[in-house]
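Residue-level structure breakdown
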Amino acid sequence: MPEPSLYCVATPIGNLDDMSRRACQVLAEVDCIYAEDTRVTRQLLSHFGIQNRLVSLHDHNEAGRVAEVLAVLAQGKSMALVSDAGTPLISDPGYHLVGAVTQAGFRVIPVPGPSALIAALSVAGLPTDRFCFEGFLPARGNARRKALAALAAEPRTLVLYESSHRIEALLTDMLTTLGGERQLVLARELTKRFEQVCRGTVEALLQAVRTDENLRRGEFVVMLAGAEPAAPAEQDNTTLLRLLLEEGLSVRQAAKVAARLTGQPRNALYRLATALAQEAP
Ligand code: SAM
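Reading guide: rules and limits
Residues numbered from 1 in each chain as written. Predicted model: local features only at pLDDT ≥ 70, side-chain atom pairs only at ≥ 80, totals over all residues. Heavy atoms only, no water. Domains from an automatic or database assignment. Buried < 20%, exposed > 50% of the residue type's maximum accessible area, 1.4 Å probe, protein only. Helix = DSSP H or I, 4+ residues; strand = E, 2+ residues; numbered from the N terminus. Pairing = 2+ DSSP bridges. Near = heavy atom within 4 Å. Polar contact = N/O pair within 3.5 Å; in protein donor to acceptor, adjacent residues only side chain to side chain. Areas by Shrake-Rupley, 256 points an atom, 1.4 Å probe, with all protein chains shown as cover. Nonpolar A, V, L, I, M, F, W, Y, C, P; charged D, E, K, R; others polar. Phe/Tyr/Trp six-rings, centres within 6.5 Å; stacked < 30°, edge-to-face > 60°. Contact = heavy atoms within 4.5 Å. Axes fitted to C-alpha atoms, helices over the stretch in contact; angles between N-to-C directions. Parallel < 35°, antiparallel > 145°, perpendicular 65-115°, else oblique. Left-handed = near helix turned anticlockwise from the far one by under 90°.

1. Some remarks on the domain arrangement of the chain
If you check the domain split of the chain, you get domain 1 (5-114), domain 2 (117-224) and domain 3 (232-279). Here the C-alpha centroids of domain 1 and domain 3 sit 50 Å apart.

Below, the structure is given as C-alpha cells:
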C-alpha cells in the first residue's frame, strides 16, 4: 500500500466470477475492511480465501465510524470500504465517510467493478449518452407518485432501483402518473441464475408483472425512456392547467375547464393536471 488510503472496492452483484483480481488483492492487503454487513462480506472473503479484519459500517453507525477511520489513516494504515453487493456509495453507505476522508486530505482510491445500474443500462437498449439515476423512489405511495410527477418531463433515460416488494406498486404509479405508452425496461436478477431483461410499454410490463409472479421476484433495475420534448400545445396545456389549479380548481374541474377551452380530450388533461397537482409543494 503506497500511502494511507481508503479503497472503495466494488464486489459482485450476483456472479462471483465478476470479482476482479485487483479487488481481491486490495481486500487481502488493507489493514481492515469496513463492510455494510460483515456476515455477507465474510462469505465473499472466504470464497476467495481472503482473511482480514471486518468492521461494520452501515447507515446507522457511519457517522460514528468517521473519527475511527481517520485515526487509522493517521497511523499510516489503509483500509477498504465494501457494500453487500456492487459499488459502495451507489444507493449504499459510505458518502459521509468518503467526504470526511477527502476533507482530511487522505486519498480515496476506487477499485471499480460491478454496479447494477451500469450493468442494466448496458443491456437496456435505451439511450445511454445521458441518463438520470434516482436510486430508490420513496417507499410510500403518495411520496412516490409526487416524485414521479416531478420527473414526468425528464428527457433523459430514467434509472431506478426497486425491490420485489414494491415493483408492482411502482409500475402502477408510473401508469397513473406518466401514462402507459412509454418504453420501459426491467432488468431482474442480473448476473444471477434467473437473470431476465423485459422490454415493453409501461402498460404491457405492468400487466406482465401482475400476471407472472416470477416477474415480481428478486432485485430490479427499472429503466424508463425519457420524455419526448413537449409539443407547443402540451406546453400551453401545462400553463393553462397550472393557472387553473393555482386559482383553486380541483384536478377534475381544471381538466374539465381546460378541455372545454382547448377542445382536447379530458382524460389526457386530467392526467397532466394530476401530475401538476402532485408537483406542487
Ligand atoms: N451498490 C449497489 C450497486 O452498485 O449496484 C446497489 C445497492 S442497492 C442497496 C440494491 C439495489 O440494487 C437492489 O434493490 C436492486 O434494485 C439493485 N440490484 C442489486 N443487484 C442487482 C441485480 N443482480 N440485478 C438487478 N438489480 C440489482
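Text resumes after the structure shown.
2. A word on the pairing of strand β1 (residues 5-9)
Of all 5 residues making up β1, 5 are buried, and the element is well covered by its neighbours. Side chains Ser 5, Tyr 7 and Val 9 project from β1 onto one buried face, and the interleaved Leu 6 and Cys 8 project onto a second face that is buried too. Examined bridge by bridge, β1 and strand β5 (residues 107-111) share 5 bridges and lie parallel to one another. For Cys 8, the partnering residue across the bridge sits in β5 and is Pro 110. Pairing geometry for β1 and strand β4 (residues 79-82), over 3 bridges, is parallel. Directly across from Cys 8, in β4, lies its bridge partner Leu 81.

3. Points about the site of the ligand
In the vicinity of the ligand, 19 residues are found, and the nearest of them are Ile 90, Asp 92, Ser 115, Ala 116 and Phe 220. Within the backbone of Ala 116, an N or O atom sits 2.8 Å from an oxygen atom of the ligand. The side chain of Tyr 161 places a nitrogen or oxygen atom 2.9 Å from an oxygen atom of the ligand. A total of 570 Å² of accessible area belongs to the ligand in isolation, and the protein chains cover 91% of it. Among the secondary structure elements, those contributing two or more residues to the shell around the ligand are β7 (157-163) and β10 (219-224). The biggest single contributor to the shell around the ligand is β10, with 3 residues. By residue class, the composition of the shell around the ligand is 10 nonpolar, 4 polar and 5 charged.

4. Some details on the packing of aromatic side chains
Going through the model one piece at a time under the given rule, you end up with 2 aromatic pairs. Measuring from ring centre to ring centre gives 5.0 Å for Phe 133 and Tyr 161, while their planes differ by 70°; the resulting arrangement is edge-to-face. Within this pair, whereas Phe 133 is found in strand β6 (residues 131-136), its partner Tyr 161 is found in strand β7, the two being separated by 28 residues in sequence. By relative accessible area, Tyr 161 is classed as buried at 10%. Three or more aromatic residues joined by ring pairs form one cluster here, namely Phe 133, Phe 136 and Tyr 161.

5. A closer look at the side chain of Ser 115
Turning to its location among the elements, Ser 115 is positioned in the loop between β5 and α5 (116-124). Look past the residues within four positions of Ser 115 in its chain and what remains in contact with it is Ile 13, Thr 87, Ile 90 and Tyr 161.

6. Thoughts on the packing of helix α10 (residues 251-262) against helix α11 (residues 266-279)
Two numbers describe how α10 lies on α11: the axes approach to 8 Å, and their chain directions differ by 135°. It follows that α10 is oblique to α11 by the angle criterion. α10 and α11 meet at a crossing whose hand is right-handed. Across from Val 251, Arg 252, Ala 255, Lys 256, Ala 258, Ala 259 and Thr 262 in α10, the residues of α11 making contact are Arg 266, Leu 269, Tyr 270, Ala 273, Thr 274 and Ala 277.

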